[in-house]
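Observations on chain architecture
Each chain, written out:
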Amino acid sequence: MAVEYRNLMEDIVMQNLDVVLEGAGCCTCDYCKSDVAAWTLNNLKPHYVATRQGRLMVKLQSYELQSRADVIAAISEAAVMVKSNPRHGRS
């Protein structure tokens, strides 16, 4: 039996990433997006699930106002960090 698990926080961050980056005036190249996503995920509590029921529970929680605000705040903070020191264009 294969054990399957997933950090659903990755999905939640990726669903909000583009909108927050554009709103923050941050570059949306692949380097910047991946740096912002990585920084954000390292600063948010992971939500690992192994069952369909667990996925539904986390998905419902992600729609709560405070949870959504926490994700958007973390992405915004990461965008500021990456915007001030972008990795693209370095030799």
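Scroll up to find the structure.
This report concerns the structure included in the present document. (Residues numbered from 1 in each chain as written. Predicted model: local features only at pLDDT ≥ 70, side-chain atom pairs only at ≥ 80, totals over all residues. Heavy atoms only, no water.)

Some points on the overall build of the protein chain
- Helix and strand content of the protein chain: 4 helices and 2 strands.
- Counting helices and strands in the order they occur from the N terminus, the protein chain gives β-α-α-β-α-α.
- For the protein chain, the proportion of its 91 residues judged to be buried stands at 27%.
- Accessible surface, the protein chain: about 6400 Å² in total, of which carbon and sulfur atoms supply 54%.
- Averaging the locations of the 10 positively and 10 negatively charged side chains of the protein chain gives two centres separated by 2 Å. (Helix = DSSP H or I, 4+ residues; strand = E, 2+ residues; numbered from the N terminus. Buried < 20%, exposed > 50% of the residue type's maximum accessible area, 1.4 Å probe, protein only. Areas by Shrake-Rupley, 256 points an atom, 1.4 Å probe, with all protein chains shown as cover. Lys, Arg positive; Asp, Glu negative; His and termini not counted. Charge placed at Lys NZ, Arg CZ, Asp CG, Glu CD.)

A closer look at the nonpolar core
- Ranked by size, the top nonpolar core spans 20 residues in total, and within it Val36, Val71 and Ile75 carry the most contacts.
- Secondary-structure elements contributing two or more residues to this core are helix 1 (8-24), helix 2 (30-42) and helix 4 (65-84).
- Per-element tally for this core: the top contributor is helix 1, with 7 residues.
- With near-sequence residues (within four places) excluded, Val36 lies in contact with Leu17, Leu21, Ile75, Ala78, Ala79 and Val82. (Core = buried A, V, L, I, M, F, W, Y, C linked by side-chain atoms within 4.5 Å. Contact = heavy atoms within 4.5 Å.)

Here we look at the packing of helix 1 against helix 4
- Their axes nearest at 9 Å, the elements helix 1 and helix 4 cross at an angle of 55°. With respect to their mutual orientation, helix 1 and helix 4 come out oblique. Here helix 1 and helix 4 pass one another in a crossing that is right-handed. Taken together, the residues of helix 4 that come into contact with helix 1 (itself represented by Met9, Ile12, Val13, Asn16, Leu17, Val20, Leu21 and Ala24) are Arg68, Val71, Ile72, Ile75, Ser76, Ala79 and Lys83.
- Its residues assigned to classes, the contact of helix 1 with helix 4 comprises 11 nonpolar, 2 polar and 2 charged. (Axes fitted to C-alpha atoms, helices over the stretch in contact; angles between N-to-C directions. Parallel < 35°, antiparallel > 145°, perpendicular 65-115°, else oblique. Left-handed = near helix turned anticlockwise from the far one by under 90°. Nonpolar A, V, L, I, M, F, W, Y, C, P; charged D, E, K, R; others polar.)

Points about a nonpolar patch on the surface
- Residues Val3, Tyr5 and Tyr48 make up a contiguous nonpolar surface patch of about 410 Å² in total accessible area.
- By secondary structure assignment, the location of Tyr5 is in the segment before strand 1 (6-7). (Patch = residues over 30% accessible without salt bridge, like charges linked within 9 Å, V, L, I, M, F, W, Y side chains within 5 Å. Salt bridge = Lys/Arg side-chain N within 4 Å of Asp/Glu carboxyl O.)

Observations concerning helix 1
- Helix length check: helix 1, at 17 residues, gives a terminal C-alpha distance of 24 Å against a target of 24 Å (1.5 Å per residue), a fit within 8%.
- By the burial criterion, the buried members of helix 1 are Leu8, Met9, Ile12, Val13, Asn16, Leu17, Val20 and Leu21.
- Looking at the buried side of helix 1, the elements it contacts are strand 1, helix 2, strand 2 (48-49), helix 3 (52-62) and helix 4.
- Near the N-terminus of helix 1, the side chain that reaches the backbone nitrogen of Met9, with its oxygen 3.0 Å away, is that of Asn7. (Expected span 1.5 Å × (residues − 1). Polar contact = N/O pair within 3.5 Å; in protein donor to acceptor, adjacent residues only side chain to side chain.)

Observations regarding helix 4
- Compared with the 28 Å implied by 1.5 Å per residue over 20 residues, the 29 Å span of helix 4 between its first and last C-alpha is a close match.
- For helix 4, the full list of buried residues reads Val71, Ala74, Ile75, Ala78, Ala79 and Val82. For helix 4, the arc enclosing every buried residue in end-on projection is 140°, short of the 170-degree limit, so these residues lie on one face. The exposed residues of helix 4 that point more than 90 degrees off its buried face are Leu65, Gln66, Val80 and Ser84.
- Buried residues along helix 4 sit in contact with helix 1 and helix 2. (Arc of directions from axis to C-beta.)

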